[in-house]
Amino acid sequence: MAERNVQLAGDSGVFLRTDEGREADPDTLGKALSSEPVTAWTGVITRMVENVDLWLSALEGFCRMVVTGKAIEAGLVQPIYPWGSMAVVTADSFAYLLQRPAGADAQGKALIELGVCAYGAGGQALAENVTDRVTAWSTDRQRLSDLWVEIHPLAATGLPDCLI
């Protein structure tokens, strides 16, 4: 199924990009955007946000929050990237990743702390859920640093077209 871009709160410049038929009600989530946000800092310090989206994709409702410069300038959201951030959506709430400066490493490279900002009636629980997932990513990423995945066309493998 094709991805869908759901704009929240009229022309706010905040969109939730969902996949695989995931429904996101623009009216309900637009109201959520106007609610007081819940911010939870994870304590996860890193230089790069690498592969955290794969970890978050295990959560029901994983999506992307895509924003325009207007939304950032208005202070509606503070995404990790200029285009937006990884996000998770439920029927009445959504949460996305944000960051704040966290000093520098031994080589003088900037470090960030990852956080979660959530909106809506279930925002607190959703923020906790996403925070737990980011913490799991931080714990497991060192162990998986040698993981290597290669994807090749089936024909290139010499295997039959149908595997059972």
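Located above this text is the structure these notes cover.
Below is a summary of the structure that appears in this document. (Residues numbered from 1 in each chain as written. Predicted model: local features only at pLDDT ≥ 70, side-chain atom pairs only at ≥ 80, totals over all residues. Heavy atoms only, no water.)

Quick notes on the packing of aromatic side chains
- Applying the stated criterion to the full structure yields three aromatic pairs.
- Ring centres of Tyr81 and Trp83 lie 5.3 Å apart, and the angle between their planes is 10°; this geometry places the pair in the stacked category.
- You can call Trp83 partly exposed: its relative accessible area is 36%.
- Aromatic side chains Phe94 and Tyr119 sit 5.2 Å apart centroid to centroid with 20° between the ring planes, which places their arrangement in the stacked category. Here Tyr119 lies in strand β7 (residues 110-120) and Phe94 lies in strand β6 (residues 93-104), a separation of 25 residues in the sequence. Neither Phe94 nor Tyr119 differs from the other in exposure class; each is buried.
- Members of the aromatic cluster, connected to one another through ring pairs, are Phe94, Tyr96 and Tyr119.
- A cation over an aromatic ring shows up here: Arg100 above the ring of Trp41, its NZ or CZ 4.0 Å from the ring centre. (Phe/Tyr/Trp six-rings, centres within 6.5 Å; stacked < 30°, edge-to-face > 60°. Buried < 20%, exposed > 50% of the residue type's maximum accessible area, 1.4 Å probe, protein only. Helix = DSSP H or I, 4+ residues; strand = E, 2+ residues; numbered from the N terminus. Lys NZ or Arg CZ within 6 Å of the ring centre and 35° of its normal.)

Concerning unusual backbone geometry
- Residues other than glycine seldom take positive phi values, yet Ala9 does so here, at roughly 55°.
- Within the secondary structure, Ala9 is located in the loop between β1 (4-8) and β2 (14-18).

Focus: the nonpolar core
- In terms of nonpolar packing, the biggest core is built from 22 residues, with Leu97, Leu114, Val130 and Val134 touching the most fellow members.
- The set of elements that each furnish at least two residues to this core consists of β3 (38-46), α2 (52-56), β5 (84-89), β6, β7 and α4 (123-141).
- Broken down by element, the residue count for this core peaks at five residues, all from α4.
- What Leu97 contacts, discounting residues up to four positions off in sequence, is Val52, Leu56, Gln78, Pro79, Ile80, Ser85, Met86, Gly115, Val116, Val130 and Val134. (Core = buried A, V, L, I, M, F, W, Y, C linked by side-chain atoms within 4.5 Å. Contact = heavy atoms within 4.5 Å.)

Considerations on the sheet that holds β2
- Strand order in the open sheet formed by seven strands is β1-β2-β4-β5-β6-β7-β3, with antiparallel pairing between adjacent strands. Lying at the two open borders of the sheet, with one neighbouring strand each, are β1 and β3. For this sheet the average axis-to-axis angle between neighbouring strands, irrespective of direction, equals 30°.
- Pairing geometry for β1 and β2, over five bridges, is antiparallel. The residue of β2 that forms the bridge with Leu8 is Val14.
- Along the sheet face, α4 touches β3, β5, β6 and β7 and points at about 5° away from the line of β3. (Pairing = 2+ DSSP bridges. Axes fitted to C-alpha atoms, helices over the stretch in contact; angles between N-to-C directions.)

Brief notes about the pairing of β5
- Burial analysis of β5 places six of its six residues in the buried class, which makes it a mostly covered element.
- Where strand β4 (residues 62-67) meets β5, five bridges bridge the pair, whose relative direction is antiparallel. Each bridged residue has a counterpart across the sheet, and for Val66 the counterpart in β5 is Gly84.
- Here three bridges tie β5 to β6, and the two strands are oriented antiparallel to one another. Paired with Val88 across the two strands is Ala95, which belongs to β6.
- Connecting the antiparallel pair β5 and β6 is a turn made up of three residues.

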